[in-house]
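In case you want the letters, here they are:
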Amino acid sequence: MSDEPDISRRAFLTRSGMAVAAAAQGTGARIVTILTDPSDPVAAAAPARWAAKELEEALTAAGCTVQTQSRMGEAAPGSLCIVAAGGSAPLAREALKAAGIAAPDKAEALVLASSKAGGKPVLVACGADARGLAYALLELADRVRHADQPLAALEIRKPIVERPANRIRGINRSFVSDVEDKR
């Protein structure tokens, strides 16, 4: 047995996170925390999890230290926090409200915006459904992969709110009339 006092799990994780942050700052690397709530059905869906993994791989390839956490308090100090969630998730609702943006409500709709949540600046990637969230996360991954300065590419100055242009989408549909096909 050692003479050192026992520390709680929370204190251990906090100290470990601070050590990782200090080590990463010393090397010039940046820490990115992807926040996903496991109780959020949109973020827990397979397409969203796959897209989050794609974003994580893109960030790692760009030289970032990437952490995935479920709560804002678990994010390393000074890290760039990306909230990956469905529009009804509490953290996403808080961030969207702070940015003055309504949660996406149409199938496949997405929002990318800089905001605040839990008193910290965050980048919110939000989808109305799993496919919308996957599209938002893949957009971020593409920005990281194809930018000269990957982290600068994640700066969203003006919120991006997108939804499909057509109500009916598919490869089996022939579009022949602007009036009938776009309503």
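See the structure above.
Below or above, wherever it landed, is the structure these notes cover. Just so you know, these numbers come straight off a predicted model, no measurement behind them.

**Digging into the pairing of strand β1 (residues 31–35)**
Here is step 1 of the chain: Counting buried positions over the five residues of β1 gives five, a clear majority of the element.
Here is step 2 of the chain: Side chains of β1 alternate between two faces, with I31, T33 and L35 and V32 and I34 buried alike.
Here is step 3 of the chain: Both β1 and strand β2 (residues 65–69) contribute to a ladder of five bridges, which runs parallel. Opposite L35, over in β2, you have Q69 as the bridge partner.
Here is step 4 of the chain: The pairing of β1 with strand β3 (residues 80–86) spans four bridges and is classified as parallel. The residue of β3 that forms the bridge with I34 is I82.

**Here's the deal with the layout of surface pockets**
Here is step 1 of the chain: If you add up the space inside the second largest pocket, you get close to 210 Å³.
Here is step 2 of the chain: Looking at the second largest pocket, it is lined by 13 residues, and the ones nearest its centre are R30, L80, S114, L154 and E155.
Here is step 3 of the chain: Element by element, the count of residues in the lining of the second largest pocket is highest for strand β5 (residues 120–127), at three residues.
Here is step 4 of the chain: Residue composition of the lining of the second largest pocket, grouped by class: eight nonpolar, three polar and two charged.

**With respect to the pairing of β5**
Here is step 1 of the chain: Among the eight residues that make up β5, six are buried, leaving the element largely enclosed by the rest of the structure.
Here is step 2 of the chain: Note: β3 against β5, six bridges, orientation parallel. When the sheet's bridge partners are listed, C81 is paired in β5 with V122.
Here is step 3 of the chain: Taking the residues between adjacent antiparallel strands as the criterion, strand β4 (residues 110–117) and β5 are bridged by two residues, where G118 takes a positive phi near 60°.

About the criteria used
Residues numbered from 1 in each chain as written. Predicted model: local features only at pLDDT ≥ 70, side-chain atom pairs only at ≥ 80, totals over all residues. Heavy atoms only, no water. Buried < 20%, exposed > 50% of the residue type's maximum accessible area, 1.4 Å probe, protein only. Helix = DSSP H or I, 4+ residues; strand = E, 2+ residues; numbered from the N terminus. Pairing = 2+ DSSP bridges. 1 Å grid on protein atoms, 1.4 Å probe; cavity = no way out; pocket = protein on both sides within 12 Å on 5 of 7 lines; lining within 4 Å. Points joined across faces, edges and corners; volume = space filled by probe spheres on them. Nonpolar A, V, L, I, M, F, W, Y, C, P; charged D, E, K, R; others polar.

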